[in-house]
Structures are given as C-alpha cells and as structure tokens.
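Listed here are the chains, written in short residue letters.
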Amino acid sequence: MSTFILKGIQVSFEHSKALEIDDLEIPVNGMALVTGPNGAGKTTLLRMLAGLHPPNRGTLRYKGEDVFYGRKGLSHRRRVTLVAQDPVLFRKKVLANVAFGVRARGFKSEIAAARALEALKMMGCEHLAERGASALSGGELRRVALARALATGAETLLLDEPTAGVDAENSERLQQLIASLASSGRGIVICTHQPEWAQSQAQFRMRLDHGRIVSVT
C-alpha cells in the first residue's frame, strides 16, 4: 500500500493545535499537493510525515508500517526525506554536501561521490560540483538540496515551498525537474501556498486551513 495513512492525528504547540486530522490517506505514487495559507499547518504535516516531529496523539503509517520517531525511526527517515523551505548546506563544496547523506548511511567515500555526482546530473547542476555552497544562488541552492535528497536513495521526497523566493526562470526549471521526478514513479509530496504550477501534475490534492482539512480531490 503506497500511502501515508493518518488516524486521529493531533499536533499541538503550547496549547495551540497546529494540526488536527481524523482520517486521511496520502498516496505516494507520483505527486501529491498540499495547499493552504501561511500558518495552515503544511510544514508541521511534512515534518510529521518525515518522522521529525511526533504527533501528540494518533497514528501514522507509511506503506503499511508504523512510523516511529527518535532513534527507532531511523529506517523511516532513510526512506522519506524532507527538503526544507530554506535548505541549509555545510561550508563545503557542493559535491561534498550532496555526498554527506550517502556517507552517513555507511557508504565509502568514492561510492558517495559517484552517487552525489549522478544526483547533481539529474538536477542539471553537475557543473556546480566544485563550487562552494556559499556561492550558490537561490535557485541553485534548491536544486542542490534536491540532489542531496536524491543521492540518499529516498523513496519519497517531501518538498516544503520548493519554488518560494526563486526567480521566474529558476522556478520554471525547478517545476520541470520536480514533475520529471514524479512522472518517473518517485513519491513527491509538495506543500505550497502558490499551487498553480503543480495543480495539473498532482494525482492528489488537499487543502489545509488552521490545521484542518478543507478539501481533498
């Protein structure tokens, strides 16, 4: 079963409910789109799906398995990767940044470098491999962050506002790359408050507001 299944989910911060979902299935075959205004709970949802923030109550399953958090949830976090709205890279060259997650999974340096370079090629930015991460533009940073997630071999990518703050040319390029990943069978869950570009690509669409589901199509 290629889905996230959420049951009786509630996430609260300092007595304020950030997310409240009774029953939901999010498919991870192709692209799933989650929309809503700022503060709707989109980032909270992605962090929970990624195994980074546990719900206060309720259960989450991924492809038929319970999702755990902390050290017990390491295997899930290797299968599902969150690319944050503001990706953070180390003060190293791009290739070293992209290879880091692969090396952290126990692969030798040469294998990690090869996988990193292949991921950069998939994102059309292998020419950035030897550039310092601090010299990247906003669009380049987003593509490198996507490459870093791909290099780890993650099955499903969770993308938080992947084109926010990026100029029109780079935004269109990112959109094409993300659509290509989804059409190749990789699971993509996108959260954005500017959904127009992804509407036609998504097989699943959901809107959140004040932490609750407004619509699902």
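Reference entry: report on the structure contained in this document. Given the structure is predicted, the values throughout are model-derived calculations rather than measurements.

Spatially, six strands are ordered 6-7-8-3-9-10 in an open sheet, and the strand pairing comes out mixed. Of all strands in the sheet, those bounded by a partner on one side alone are strand 6 (80-83) and strand 10 (212-216). Within this sheet the neighbouring strands show an average axis-to-axis angle of 20°, counted without direction. Bridge count between strand 3 (residues 31-35) and strand 8 (residues 187-192): five bridges; the pairing is parallel. Among the inter-strand pairings, Met31 is bridged to a residue of strand 8, identified as Ile188.

Side-chain positions along a regular strand alternate between the two faces of the sheet. In the sheet, strand 9 (residues 204-209) pairs with strand 10 via four bridges, with the strands oriented antiparallel. If you follow Arg207 over to strand 10, its bridge partner there is Ser215. Counting the residues between successive antiparallel strands, the hairpin from strand 9 to strand 10 contains two residues, one of them, His210, with a positive phi of roughly 50°.

With that settled, consider the side chain of Thr156. Looking at where Thr156 falls in the secondary structure, it is placed in strand 7 (residues 156-160). Overall, Thr156 belongs to the buried group, its relative accessible area being 0%. Side-chain polar atoms of Thr156 contact the side chain of Tyr62, separated by 2.9 Å. Not counting residues within four places of it along the chain, the set of residues in contact with Thr156 comprises Phe4, Val28, Tyr62, Arg79, Val80, Thr81 and Gly187.

Now for the packing of aromatic side chains. Using the criterion set out here, one finds two aromatic pairs in the structure. Ring geometry for Phe4 against Tyr62: centres 4.9 Å apart, planes inclined by 40°, an arrangement best described as tilted. Taken as a pair, Phe4 in strand 1 (residues 3-13) and Tyr62 in strand 4 (residues 57-62) lie far apart in primary sequence, 58 residues in all. Owing to a relative accessible area of 0%, Phe4 belongs among the buried residues under this scheme.

Before going further, it helps to spend a moment on the packing of helix 5 (residues 138-151) against helix 6 (residues 168-183). The geometry of helix 5 relative to helix 6 is characterised by a closest axis approach of 9 Å and an angle of 15° between their N-to-C directions. Taken together, the axes of helix 5 and helix 6 are roughly parallel relative to one another. Note on packing geometry: the crossing formed by helix 5 with helix 6 is left-handed. Here helix 5 contributes Gly139, Arg142, Arg143, Leu146 and Leu150 to the contact with helix 6, which in turn contributes Asn170, Arg173, Leu174, Leu177, Ile178 and Leu181.

Thresholds applied
- Residues numbered from 1 in each chain as written.
- Predicted model: local features only at pLDDT ≥ 70, side-chain atom pairs only at ≥ 80, totals over all residues.
- Heavy atoms only, no water.
- Pairing = 2+ DSSP bridges.
- Helix = DSSP H or I, 4+ residues; strand = E, 2+ residues; numbered from the N terminus.
- Axes fitted to C-alpha atoms, helices over the stretch in contact; angles between N-to-C directions.
- Buried < 20%, exposed > 50% of the residue type's maximum accessible area, 1.4 Å probe, protein only.
- Polar contact = N/O pair within 3.5 Å; in protein donor to acceptor, adjacent residues only side chain to side chain.
- Contact = heavy atoms within 4.5 Å.
- Phe/Tyr/Trp six-rings, centres within 6.5 Å; stacked < 30°, edge-to-face > 60°.
- Parallel < 35°, antiparallel > 145°, perpendicular 65-115°, else oblique.
- Left-handed = near helix turned anticlockwise from the far one by under 90°.

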